[in-house]
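Below, each chain spelled out in residue letters.
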Amino acid sequence: MSIHERLLIIDFGSQVTQLIARRLRELSVYCEIHPYNRVDDAFLDSFAPKAIIFSGGPDSVTRAGSPRPPARAFSLGVPILGICYGQQVMMQELGGLVESGDGTAEFGRALVSPAGAPLPLLEDWFAAGPEQVWMSHGDHVSRIAPGFEVYGTSPGAPFAITADVARNFFAVQFHPEVHHTPRGAKLYENFVRLAGFTGDWSMASYREEAIAKIRAQVGDKQVICGLSGGVDSSVAAVLIHEAIGDQLTCVFVDHGLLRLNEADEVVSMFRDTYNIPLIHADEADLFLGELEGVSDPETKRKIIGRLFIEVFQKYASEIEGAEFLAQGTLYPDVIESVSFSGGPSVTIKSHHNVGGLPEKMGLKLVEPLRELFKDEVRALGRELGLPERFIGRHPFPGPGLAIRCPGEITRDKLDILRKADAVYIDQIRKHGLYDEIWQAFAAILPMRTVGVMGDGRTYDYALALRAVTSVDGMTADYFPFSHDFLGETATRIINEVRGINRVFYDCTSKPPGTIELE
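The structure reproduced in this document is the subject of the present report. (Residues numbered from 1 in each chain as written. Predicted model: local features only at pLDDT ≥ 70, side-chain atom pairs only at ≥ 80, totals over all residues. Heavy atoms only, no water.)

Here we look at the overall build of the chain
Looking only at helices and strands, one finds 15 helices and 20 strands in the chain. Since a compact globule built from 518 residues should have a radius of gyration of about 24 Å, the 26 Å found for the chain is in line with a globular shape. Principal-axis analysis of the C-alpha atoms gives the chain an extent of 80 × 60 × 40 Å. Within the span of the chain, comprising 518 residues, buried residues form 55% of the whole. Here the contacts in the chain between residues at least 6 apart in sequence split such that 77% fall between residues at least 24 apart. Taken as a whole, the chain presents about 22,200 Å² of accessible surface, with 50% of it coming from carbon and sulfur. Each charge class in the chain can be summarised by its mean position, and for the 49 positive and 69 negative side chains these summaries are 2 Å apart. (Helix = DSSP H or I, 4+ residues; strand = E, 2+ residues; numbered from the N terminus. Rg over C-alpha atoms; globule rule 2.2 N^0.38 Å. Buried < 20%, exposed > 50% of the residue type's maximum accessible area, 1.4 Å probe, protein only. Contact = heavy atoms within 4.5 Å. Areas by Shrake-Rupley, 256 points an atom, 1.4 Å probe, with all protein chains shown as cover. Lys, Arg positive; Asp, Glu negative; His and termini not counted. Charge placed at Lys NZ, Arg CZ, Asp CG, Glu CD.)

Structure, rendered in C-alpha cells:
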C-alpha cells in the first residue's frame, strides 16, 4: 500500500473523471479512480482515504437501480465532494430530493453567483463576482438534504453549490475539472487543503517507492522488457534497471516499420548511456514479408501483433531464468480497462501491445508506471535523467509506419515516407513548434498524381501531413500551422524527397477522425 495520503475518486461513469485525478495530481495529492461497483466497505477500510470525491455520470438518480456509493462512505468522517451526478446522489442518499424535467436542465457555460455565508471551499473563488462554470445536467436537486445550506446558485440550478459544514460534505452541480470552468482548480485546491492534505505526492518519492516495490516483487529473478523506444517503455526500462541492474534484459524488435534512424538511436541510447542489456531483434524481413500484398488496416495490425508476440517469445526463451515481463502500462490504460458499468464498447481499431504475452509465456507482470499519467511519466523520466529527446517524443504507434502507409506496403514507399517524415519533423523543430504539438507525422497516400518538375512530367506519390493538439489523445484538434509554414514545408519535401510531387495537410479533428490514418 502506498505511504502517501490518499484521496479516493468514486467513478459514476463521467467522461471527464480522469480530469479530476489530473487536477489533484497537479496539487501533489495522490488519488485513485475506482468504479462505484468495485467500492465496498472492505475496500474503503483497506484504502483508508483521507477524502472522497464522487464523480459525475450519465445516469439518473431517479431511476431505480442507478449507481450509488456505499453508505459507509458517509460515516468514515472524511470530507466528501460531490460533482454533478455526485451532488445529486449525495442529496438523494442523505435525505434530499432529485427530480427530472421542469425546464431546469443546463448544458454548457453558466454563471454561478454566491449565496449564504462564507465557505472554506469557496475561499478566494468569488473574489471577482459570479464565476463561469460548465454545466451538464438534465436532472436537478429540488430539495437539499438536512444539514446542507446553499452557497451558490445559477439560473438553472438554485442549489449549484451546497454544503454541510459540520460534516465537511460539499456538493456542486457543475464540473470544476474541465477547462470551461476557468477557476475550477481553485475549488480542488481549497478542498484538499480543508481535508488536511500536505501535498506529499512527488516524482522523487514515487521513484524511491517504485524501486523498493520492484525489488520486493522480483527478488533475484530475471525480467525482460519489450522496448519500443517510446517514452513509456523507455522510462519503465530505466526505472527497473535502477532497481535490479543486470537482472533486466530489454528486447527491441525492429520490424522494419520504424522512422529514419530510429533503431540506431534507441539501441545506442540504451547500450551506451545506460549500459542496459539489450537484444536488438532485426526482424524487418519477417514482418515486411508477411505484410506483402496486404492493404486492409485491421489485417495489417493483426499480422504485426501476432508476429511481435512470436518474435518476442523466440528471444525471451533465450533468457535463462526469466520469470517477469515488464510493460509500460499507464494509469489511463488501467482505468479504461475497468469500465464502471462493465459494458462493451465498439472496437475502432485493434491496438498493438504485448498484453497477451504473460498468459502465453507463463510470465508475471511488472508494471511500475501503472499509477501514472503520461505527463507524470515524462516527469519521472526527467527525475531518472533520461535525455529530453526521448522524454518529449511524440507518441509513435506500435505498428509504426504500416498505418501511415494506407494500402499496400512496399520497401520503396517506406523509404520515401521515412525521408519525408524526417523533413516534416525537422521543419517543426526549426520553427520551435514541436513541444506545442501532441503528435505530428507524414503519411504516404495510396495514389499517384501528375506533376511538373524541371519542365518534365512526373507521376509520383502524394503525401499527407498530420499534426494535432491534445491532452490525452482521446480527442484532438488539428494544429493551426500558418500558410507560410505549410508552403515552405511542402516545397522542402518535394525538393528533397524523390517520389513525392504533391503535399496535403489533414485538418480533421478527432472525432470524427482518428489521429492515425489507419
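A word on the nonpolar core
Within the largest apolar cluster, 49 residues are counted, with the highest numbers of intra-cluster contacts made by Tyr-424, Ile-428, Leu-463, Phe-481 and Ile-493. Among the secondary structure elements, those contributing two or more residues to this core are strand E13 (248-254), helix H8 (284-291), helix H9 (297-316), helix H14 (411-430), strand E17 (439-453), strand E18 (456-469) and helix H15 (483-496). What Ile-428 contacts, discounting residues up to four positions off in sequence, is Leu-433, Tyr-434, Ile-437, Ala-440, Phe-481 and Phe-485. In terms of nonpolar packing, the next biggest core, distinct from the first, is built from 44 residues, Ala-236, Val-238, Ile-240 and Val-366 among them. (Core = buried A, V, L, I, M, F, W, Y, C linked by side-chain atoms within 4.5 Å.)

Describing the packing of helix H6 (residues 231-244) against helix H12 (residues 374-384)
One can describe the packing of H6 onto H12 by two numbers: an axis separation of 10 Å at closest approach and a directional angle of 45°. Regarding the angle of H6 to H12, the classification is oblique. In this structure, H6 meets H12 at a crossing whose hand is left-handed. Contacts from Val-231, Asp-232, Val-235, Val-238, Leu-239 and Glu-242 in H6 reach Lys-374, Val-377, Arg-378, Leu-380, Gly-381 and Leu-384 in H12. The class makeup of the residues in the contact of H6 with H12 is seven nonpolar, one polar and four charged. (Axes fitted to C-alpha atoms, helices over the stretch in contact; angles between N-to-C directions. Parallel < 35°, antiparallel > 145°, perpendicular 65-115°, else oblique. Left-handed = near helix turned anticlockwise from the far one by under 90°. Nonpolar A, V, L, I, M, F, W, Y, C, P; charged D, E, K, R; others polar.)

Digging into the pattern of salt bridges
For the coordinates displayed, the defined rule picks out 31 salt bridges. Close ionic contact of Glu-131 with Arg-183 constitutes a salt bridge, the shortest N to O distance being 3.3 Å. Here Glu-131 is found in strand E7 (residues 131-137), whereas its partner Arg-183 is found in the loop between strand E11 (169-172) and helix H4 (184-194), with 52 residues between them in sequence. Through salt bridges with shared partners, a single ionic network connects Arg-22, Arg-25, Asp-375 and Glu-376. (Salt bridge = Lys/Arg side-chain N within 4 Å of Asp/Glu carboxyl O.)

Quick look at the environment of Ala-51
Structurally, Ala-51 can be placed in strand E3 (residues 51-54). Note on Ala-51: relative accessible area 0%, which makes it buried. Distance in space between the C-alpha atoms of Ala-51 and Leu-363 is 37 Å, their sequence separation being 312 residues.

Examining the state of the cysteines
Using the criterion set out here, one finds zero disulfides in the structure. Just so you know, Cys-31 is unpaired, no disulfide at all, and the nearest cysteine sulfur is the one on Cys-84, 19 Å from it. (Disulfide = S-S within 2.5 Å.)

Description of H8
Taken together, the buried positions of H8 are Ala-284, Phe-287, Leu-288 and Leu-291. Angular distribution of buried residues about the axis of H8 spans 90°; they occupy a single face of the element. Each element contacted by the buried residues of H8 is listed here: E13, strand E14 (278-282), H9 and H14. Of the residues flanking the end of H8, it is Gly-293, one or two places downstream, whose phi is positive at about 80°. (Arc of directions from axis to C-beta.)

Remarks on unusual backbone geometry
Here the phi dihedral of Asn-261 falls at roughly 65°; this positive angle occurs in a residue that is not glycine. With respect to the element layout, Asn-261 can be found in the loop between E13 and helix H7 (262-273). One non-glycine residue, Asn-275, lies in the positive phi region at around 55°. With respect to the element layout, Asn-275 can be found in the loop between H7 and E14.

Concerning the environment of Glu-131
Residue Glu-131 is classed as buried on the basis of its relative accessible area of 7%. Put simply, Glu-131 and Ala-237 are 106 residues apart on the chain and 46 Å apart in space, counted from C-alpha to C-alpha. Look past the residues within four positions of Glu-131 in its chain and what remains in contact with it is Ala-110, Leu-111, Val-112, Trp-125, Phe-126 and Arg-183. Of the polar contacts made by the side chain of Glu-131, one reaches the side chain of Arg-183; its length is 3.3 Å. (Polar contact = N/O pair within 3.5 Å; in protein donor to acceptor, adjacent residues only side chain to side chain.)

Focus on the packing of aromatic side chains
Within this structure, the stated rule accounts for 18 aromatic pairs. Summarising the aromatic geometry, the rings of Phe-12 and Tyr-36 are spaced 5.8 Å apart at their centres and angled 20° between planes, so their arrangement reads as stacked. With Phe-12 in the loop between strand E1 (6-11) and helix H1 (17-26) and Tyr-36 in the loop between strand E2 (30-35) and helix H2 (41-47), this residue pair connects regions lying 24 residues apart in the sequence. Judged by centre distance (4.3 Å) and plane angle (15°), the ring pair of Phe-481 and Phe-485 falls under stacked. (Phe/Tyr/Trp six-rings, centres within 6.5 Å; stacked < 30°, edge-to-face > 60°.)

A closer look at the sheet that holds E13
Spatial ordering of the open sheet is given by E14-E13-E12-E15-E16, a layout of five strands whose pairing is parallel. Two strands bound the open sheet, and with one partner strand each, they are E14 and strand E16 (364-366). Across the sheet, the mean angle separating the axes of adjacent strands is 30° when strand polarity is ignored. Strand direction decides the pairing type here: E13 and E14, joined by five bridges, are parallel. Among the inter-strand pairings, Phe-252 is bridged to a residue of E14, identified as His-280. (Pairing = 2+ DSSP bridges.)

Here we look at the side chain of Arg-22
Residue position: Arg-22 is located in helix H1. Taking relative accessible area as the criterion, Arg-22 reaches 12% and is therefore assigned buried. When residues no more than four places from it in sequence are discounted, the contact partners of Arg-22 are Phe-373, Asp-375 and Glu-376.

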